[in-house]
Amino acid sequence: MGCCSARCMLILLCCLQLITALERQVFDFLGYQWAPIMINFFHIIMVILGLFGVIQYRSRYVVMYLLWTLLWVGWNVFVSCLYLDLGGLSKDSDVLSLGVSSHRSWWKDNGPGCESDGLPSAGWQNQRNPELTTVLSCWLEYQYIEILHCILQLLVSLPGFVYACYIVSTFSDVEDSFNFVGELYHPSKPSQLLF
């Protein structure tokens, strides 16, 4: 098997998706954003199952990964539109926290180069409400950091979708092969998948 085969590329892309999804999951947990936490959790499971399908030559798992990738792309476009305030969506809504808490993106208060204004008096020091802290300036505003996360996910997911489509077509061709001597093709010796 070649080093740059479609199968190896999809394995690499799935591993990159797992790394970036875990990183995103950590920061969503820090910001108590419950909708992204659940979606990221399902994404991690689906990528692991897709990775299993590619490694074990199981086209059904790869098809499931393909379908999930379409949903994942839609989710990332939705989150980007939300943070850009497009289409009637607002980044100040409680959509991502499911209305359960008043927390926002972790990056809002802790972004790169953020300088926050302290609480007004010593009496407020025991309060743990994030709404009381005012961020004066940041090197990069939080909504752009969230959009960059979405763009990164899209840049890894879209080539993964293309490679998965190709692999499903080659797996289907391999599964349908029959050599007319009475033997079926065995996936332990795969044909070279070039792309």
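Refer to the structure above for everything that follows.
If you're wondering where the values come from, they're calculated on a predicted model, not measured in any experiment.

(A) Geometry of unusual backbone geometry. At Y57, a position not held by glycine, the phi torsion is positive, near 60 degrees. Tracing the backbone shows Y57 in the loop between helix 2 (34-55) and helix 3 (59-83). At D85, a residue that is not glycine, the phi angle is positive and equals roughly 60 degrees. Topologically, D85 is positioned in the loop between helix 3 and helix 4 (107-110).

(B) Highlighting the nonpolar core. The biggest cluster of nonpolar side chains holds 20 residues, and the ones touching the most others in it are L10, C14, V62, Y65 and A164. If you list the elements that add at least two residues to this core, you get helix 1 (6-30), helix 2, helix 3 and helix 5 (142-175). The contacts of L10, once residues within four sequence positions are left out, are V54, Y65, G160, Y163, A164 and I167. Membership of the second largest hydrophobic core comes to 11 residues, among which are W68, W75, V79 and L82.

(C) The environment of T170, seen in detail. Within the secondary structure layout, T170 lies in helix 5. Residue T170 is classed as buried on the basis of its relative accessible area of 11%. One polar contact links the side chain of T170 to the main-chain carbonyl oxygen of I167, over a distance of 2.8 Å.

(D) How the structure looks around a nonpolar patch on the surface. On the surface, F29, Y32, W34, M38, F41, F42, I45 and L98 cluster together into a nonpolar patch covering about 760 Å² of accessible area. At five residues, helix 2 tops the list of elements feeding residues into the nonpolar patch. When you line up the elements, F29 lands in helix 1.

(E) Representation of empty space enclosed by the protein within the structure. Throughout the structure, instances matching the rule amount to two cavities of 30 Å³ or more. Every residue lining the second largest cavity is listed: R24, D28, Q33, P36, W75, V79, Y83, L96 and E146. Elements with a contribution of two residues or more to the lining of the second largest cavity: helix 1 and helix 3. At three residues, the largest contribution of residues to the lining of the second largest cavity is made by helix 3. Of the residues that constitute the lining of the second largest cavity, the class distribution is five nonpolar, one polar and three charged.

Cut-offs used in this document
Each residue is numbered by its place in its chain's sequence as written, counting from 1. Reporting in this predicted model follows two pLDDT cut-offs: at least 70 for local features of residues, and 80 or more for side-chain atom pairs to be given and counted; totals over whole chains, interfaces and linings ignore these cut-offs and use all residues. Heavy atoms throughout the structure, all of them, feed into the side-chain values; hydrogens and water do not. In DSSP terms, a helix is any run of H or I states spanning at least four residues, a strand is any run of E spanning at least two, and both are numbered starting from the N terminus. What makes a nonpolar core is a set of buried Ala, Val, Leu, Ile, Met, Phe, Trp, Tyr and Cys residues whose side-chain atoms join them at distances within 4.5 Å. The rule is simple: take the accessible area with a 1.4 Å probe, protein chains only, and divide by the maximum for that residue type; under 20% is buried, over 50% is exposed, in between is partly exposed. For this analysis, residues touch if any pair of their heavy atoms sits within 4.5 Å. As used in this structure description, the phrase polar contact means that two N or O atoms lie within 3.5 Å; if the pair is within protein, one of them must be able to donate a hydrogen and the other to accept it, and residues adjacent in sequence are counted only when both atoms belong to side chains. Each patch is built from residues that are more than 30% exposed by relative accessible area and take part in no salt bridge. Like charges join if they lie within 9 Å; nonpolar side chains (Val, Leu, Ile, Met, Phe, Trp, Tyr) join within 5 Å. Per-residue and other accessible areas were derived by the Shrake-Rupley procedure at a 1.4 Å probe size, with only the shown protein chains allowed to occlude residues. The working definition used for a salt bridge is a side-chain nitrogen of Lys or Arg within 4 Å of a carboxyl oxygen of Asp or Glu. Both site types are read off a 1 Å grid over the protein atoms alone. A 1.4 Å probe that fits but cannot get out defines a cavity, while an open set with protein on both sides within 12 Å along at least five of seven lines defines a pocket; lining residues have an atom within 4 Å of a point. Grid points are joined across faces, edges and corners, and a volume is the space filled by probe spheres set on the points. When residue character is reported, Ala, Val, Leu, Ile, Met, Phe, Trp, Tyr, Cys and Pro are called nonpolar, Asp, Glu, Lys and Arg charged, and the others, Gly included, polar.

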